[in-house]
Amino acid sequence: MSSLTLTKGNNLSLTKADPGLERALVGLGWDPRTTSGDPFDLDASALLLGADGKVRSQDDFIFYNQLAAKDNSVVHQGDNRTGQGDGDDEQILIDFSLLPADVDRVVIVVSIDQADVRHQNFGQVRDAYCRVVNQDTDAEVVRYDLSEDAAAETSMIFAEVYRNRGEWKFRAIGQGYASGLYGIATDFGVVLD
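Residues numbered from 1 in each chain as written. Predicted model: local features only at pLDDT ≥ 70, side-chain atom pairs only at ≥ 80, totals over all residues. Heavy atoms only, no water.

- Named according to an unreviewed UniProt entry, the chain is TerD family protein originating from Arthrobacter zhangbolii.

### Considering the nonpolar core
Phase 1 of the analysis: Leu 14, Leu 28, Phe 158 and Phe 170 are the most contacted members of the largest nonpolar core, which has 42 residues in total.
Phase 2 of the analysis: Only β3 (23-31), β4 (42-49), β7 (90-95), β8 (105-112), β9 (126-134), β10 (140-145), β11 (155-164) and β12 (167-177) provide two or more residues apiece to this core.
Phase 3 of the analysis: If near-sequence neighbours (up to four positions away) are discounted, Phe 158 is found in contact with Leu 28, Ile 108, Val 110, Phe 122, Ala 128, Tyr 129, Cys 130, Tyr 144, Leu 146, Ala 172, Ile 173 and Gly 174.
Phase 4 of the analysis: Core analysis: the next-biggest nonpolar cluster, separate from the first, contains 15 residues, Val 107, Val 109, Phe 188 and Val 190 among them. (Core = buried A, V, L, I, M, F, W, Y, C linked by side-chain atoms within 4.5 Å. Buried < 20%, exposed > 50% of the residue type's maximum accessible area, 1.4 Å probe, protein only. Helix = DSSP H or I, 4+ residues; strand = E, 2+ residues; numbered from the N terminus. Contact = heavy atoms within 4.5 Å.)

### Quick word on the pattern of salt bridges
Phase 1 of the analysis: Tallied over the entire structure, the rule returns 12 salt bridges.
Phase 2 of the analysis: The partner of Asp 88 in a salt bridge is Arg 131, and the shortest N-O contact between them spans 2.9 Å. Taken together, the positions of Asp 88 in the loop between β6 (74-76) and β7 and Arg 131 in strand β9 put the pair 43 residues apart, joining distant regions of the chain.
Phase 3 of the analysis: The class for Asp 88 is buried, based on a relative accessible area of 16%. (Salt bridge = Lys/Arg side-chain N within 4 Å of Asp/Glu carboxyl O.)

### Observations concerning the environment of Leu 93
Phase 1 of the analysis: Mapped onto the elements of the fold, Leu 93 is located in strand β7.
Phase 2 of the analysis: Taking the relative accessible area as the measure of exposure, Leu 93 reaches 14% and is therefore buried.
Phase 3 of the analysis: Not counting chain neighbours up to four residues away, the residues in contact with Leu 93 comprise Arg 23, Ala 24, Leu 25, Ser 73, Val 74, Val 75, Gln 77 and Gln 135.

### A few points about the sheet that holds strand β1 (residues 4-6)
Phase 1 of the analysis: Spatial strand order, β1-β10-β9-β3-β7-β6: six strands in an open sheet with mixed pairing. Two strands lie at the open edges of the sheet, namely β1 and β6, each paired on one side alone. Here the average twist between neighbouring strands, direction ignored, is 20°.
Phase 2 of the analysis: Here five bridges tie β9 to β10, and the two strands are oriented antiparallel to one another. What sits directly across from Val 132, in β10, is Val 142. (Pairing = 2+ DSSP bridges. Axes fitted to C-alpha atoms, helices over the stretch in contact; angles between N-to-C directions.)

### Details of unusual backbone geometry
Phase 1 of the analysis: At Gln 114, a position not held by glycine, the phi torsion is positive, near 55°.
Phase 2 of the analysis: By secondary structure assignment, the location of Gln 114 is in the loop between β8 and α2 (115-118).
Phase 3 of the analysis: Owing to a relative accessible area of 42%, Gln 114 belongs among the partly exposed residues under this scheme.
Phase 4 of the analysis: Residues other than glycine seldom take positive phi values, yet Asp 127 does so here, at roughly 55°.
Phase 5 of the analysis: Tracing the sequence through the fold places Asp 127 in strand β9.

See the structure below:
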């Protein structure tokens, strides 16, 4: 099986592309700018959404301070604070067999920590991507390379995995937010202090 590469707005049935897919590793990667200045710290997050497009509770916001859903259906694999090195910079594991029936979507977000203070944005990030790998076979199922100009944005919805008529699908989104992770999280119903 060969991996498919999507462009913004495209989707793929994960269920059809890899019928044995039960545990999906969502790998996220990027390269920090090579200019001088403060180092970049990009953070991956996941939001578990119900049919209303909102989190069911605060427990549905998976990020560096809450690495797993209560049922372990979605588990963040840890924070990479530099973006250095080859391969995925951060990973989020989604176990479809454990996802509750009332979770319709898992939205994958990447944000720049302290972006406003450090005067950083996605226009300064290169080679950003999101991919889905079958955790059990290590085969890459789909990949989305973000190539847009996101000069003012400090956070971005990279992609989502969603339920559709009994199938799990992947959608390449690439939607930036100038309001940071706070803006995205509150749009999806997370209450932040």
